[in-house]
Amino acid sequence: MGTPDRSRWDTRVPNGSHGWPSLTPATRTAAVEILRHGPLSRSALARRLGLSAGSVTRLVSPLLADGLVVPVGREGGIGRPSTPLDVVADGHHFAGVKLTASHGYAVLADLRSTVLTKVDAPLRGKSPGDVVASVTDLVRRCAIGFPPLTGVGVSLGGRAADHRLVTAAPYLGWSAPVDLGGLVAAATGVPTVVDNDVLALTRATHWFGAARGADRFALVTIGIGIGYGLVVHDRLVDSDDAGVGLVAHLCLDPLGPLCARGHRGCAEAMLASGKIRDAVAVGRGFVHSYEECLDLAAAGDPVAGRVVGEAGRALGRLVAMVANLTMVPTVVLSGDGVRLASVAAAAVASGLAADRDPAADPVTVDVHPGGFDEWARGAAVTAIQSYATAA
Ligand SMILES: [Zn+2]
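Residues numbered from 1 in each chain as written. Predicted model: local features only at pLDDT ≥ 70, side-chain atom pairs only at ≥ 80, totals over all residues. Heavy atoms only, no water.

J.: Residues and numbers for the packing of aromatic side chains, please.
T.: Tallied over the entire structure, the rule returns three aromatic pairs. With 4.4 Å between their ring centres and 10 degrees between their planes, Tyr 105 and Phe 372 make a pair best called stacked. Here Phe 372 lies in helix 13 (residues 372-389) and Tyr 105 lies in strand 4 (residues 103-110), a separation of 267 residues in the sequence. With a centroid separation of 5.9 Å and an interplanar angle of 80 degrees, the aromatic rings of Trp 207 and Phe 208 are classed as edge-to-face. (Phe/Tyr/Trp six-rings, centres within 6.5 Å; stacked < 30°, edge-to-face > 60°. Helix = DSSP H or I, 4+ residues; strand = E, 2+ residues; numbered from the N terminus.)

J.: Outline the nonpolar core, listing residues and values.
T.: Within the largest apolar cluster, 39 residues are counted, with the highest numbers of intra-cluster contacts made by Leu 271, Leu 315, Leu 318 and Leu 340. Here this core gets eleven residues from one element, more than from any other, and that element is helix 10 (residues 302-326). Once residues lying within four places of it in the same chain are set aside, the contact partners of Leu 315 are Val 220, Ile 222, Leu 271, Leu 333, Leu 340, Ala 341 and Val 348. Ranked by size, the runner-up nonpolar core spans 30 residues in total, among them Val 119, Leu 149, Val 154 and Leu 156. (Core = buried A, V, L, I, M, F, W, Y, C linked by side-chain atoms within 4.5 Å. Buried < 20%, exposed > 50% of the residue type's maximum accessible area, 1.4 Å probe, protein only. Contact = heavy atoms within 4.5 Å.)

J.: Can you break down the coordination of the zinc ion residue by residue, with the values?
T.: Tetrahedral metal sites with four donors have an ideal angle of 109.5 degrees; octahedral sites with six donors have ideal angles of 90 or 180 degrees. All of the protein donors around the zinc ion are His 249 (ND1), Cys 259 (SG), His 263 (ND1) and Cys 266 (SG); their distances to the metal are 2.0 to 2.3 Å. Geometry at the zinc ion is tetrahedral, judged from its four donor atoms and the angles of 94 to 132 degrees they form at the metal. All donors to the zinc ion come from one chain, and their sequence spacing reads H-x9-C-x3-H-x2-C. (Donors = N, O, S within 2.8 Å, 3.2 Å for Na, K, Ca; no water. Tetrahedral: all angles 85-135°; square planar, octahedral: opposite > 155°, others 65-115°.)

J.: I'd love a proper account of the sheet that holds strand 10 (residues 217-222), names of residues and values included.
T.: One key point about sheets: their strands pair by backbone hydrogen bonds, in either a parallel or an antiparallel sense. Taken together, the five strands give an open sheet; going across it, the order is 12-11-10-13-14, and neighbouring strands pair in mixed fashion. The open sheet has two edge strands, strand 12 (235-236) and strand 14 (364-367), and neither has a second partner. Strand direction decides the pairing type here: strand 13 (residues 330-334) and strand 14, joined by four bridges, are parallel. Paired with Thr 330 across the two strands is Thr 364, which belongs to strand 14. Helix 10 contacts strand 10, strand 11 (226-232), strand 13 and strand 14 of the sheet and is inclined by roughly 155 degrees relative to strand 10. (Pairing = 2+ DSSP bridges. Axes fitted to C-alpha atoms, helices over the stretch in contact; angles between N-to-C directions.)

J.: How would you summarise the pairing of strand 13 if you had to cite specific residues and measurements?
T.: Burial of strand 13 is extensive: five of the five residues sit out of reach of the surface. Here strand 13 shows no split at all, with Thr 330, Val 332 and Ser 334 on one side and Val 331 and Leu 333 on the other all buried. In terms of strand pairing, strand 10 meets strand 13 through four bridges, oriented parallel. Considered in strand 13, the bridge of Leu 219 is made with Val 332.

J.: Break down the sheet that holds strand 6 (residues 151-156) for me, citing the residues and quoting the values.
T.: With mixed pairing, the five strands of this open sheet are ordered in space as 5-4-3-6-9. In this open sheet, the two strands that pair with only one neighbour each are strand 5 (115-122) and strand 9 (192-196). Sheet twist, expressed as the average angle between the axes of neighbouring strands with direction ignored, equals 20 degrees. Across seven bridges, the pairing between strand 3 (residues 93-99) and strand 4 is antiparallel. Each residue of the ladder has a partner; that of His 93, found in strand 4, is Asp 110. Each of strand 3, strand 4, strand 5 and strand 6 touches helix 4 (residues 128-143); the most contacted strand, strand 5, lies at about 145 degrees to it. Each of strand 3, strand 6 and strand 9 is contacted by helix 6 (residues 197-207), which is oriented at about 105 degrees to strand 9, the strand it contacts most.

J.: Tell me about the side chain of Thr 202, and name the residues and values.
T.: Its location among the elements puts Thr 202 in helix 6. Look at Thr 202 and you get buried, because its relative accessible area is 0%. With residues up to four places along the chain from it excluded, the contact list for Thr 202 reads Phe 217, Leu 219, Gly 229, Leu 230, Val 231 and Leu 236.

J.: So, helix 2 (residues 42-49): which residues are in play, and what are the values?
T.: Here helix 2 has its buried residues at Arg 42, Ala 44, Leu 45 and Ala 46. Buried residues in helix 2 make contact with helix 1 (25-37), helix 3 (53-65) and strand 2 (85-87). One or two positions beyond helix 2, positive phi appears at Gly 50, with a value near 70 degrees.

In structure tokens form, the structure reads like this:
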């Protein structure tokens, strides 16, 4: 980190562009391939793109000329097909902000979403004006001492249209659409995109995270709520309904507790951190924190052990349901409550096995720790994708 210099943080992208400058679609595709999978030799890039080595050389020459891509490693000369090429990851910086009902979490990340610094703060309030002021302050604090930002991403549990307009934000109580992207862009001077938080985390998992390189996987998040994201044929399945909670109310245990909508044993009723706290409190007569419930279960407490075990089995059934219906080989588990999957690992495996045809390929369950910084990193990746793929 250098000397704080507030005058630099709000410099706009040259020419007001929100994308990699003046690249043809084919060259942009090559650049994205190197960003996602690099370092790549020209010959490896040619194989990935299905092109000849000569075509690839023509495609990457403007990237080399603009300094977006550089040769790395010491083997061979710059022009040799075997010399790996890589993006200049620290050539661009992005801020990602994850909003909860009461708090904002922000990270500053490079072009490959490596987190360089992070800050958080309570929201000033829930009104659009208060939220914009809080986001602006977080972005400003994150960016101090770094080169000018290329983009900002903001994610929240809700629905976002056109990566700009928040059309539903139940945790914030907004009843009318809010142009959050436009307001934050105007306040910071930096191009800003808005995303559903689970979609943003799925993007980060796909491009740079636990499922990097996978062309099919699902993400299930557990915590205050239950989230679900899906990548098929190397593309995120995007929908305006992503923020509605389509998976949260699937029935996993017909004898389970009730959710607020009256479902018995739905994913939310079985897995949400508040529901696990409630169930443990019924048996123990005392309200413990979610983490304490998991600690008690791990230590052999009969009440917490029963609740967490039944939750684990329900989670296994959810993983089986997702894998059976979408035929993904891998389900990544994440979210701020994901320690449940480790504490109840045997129950998760049992629930998965019960609902999976033994003749089917085993499902890989990848438990990925997911604190609020990971959610914020997801928001940064939405901004990175927007920047890297925008025409
Ligand atoms: Zn429900």
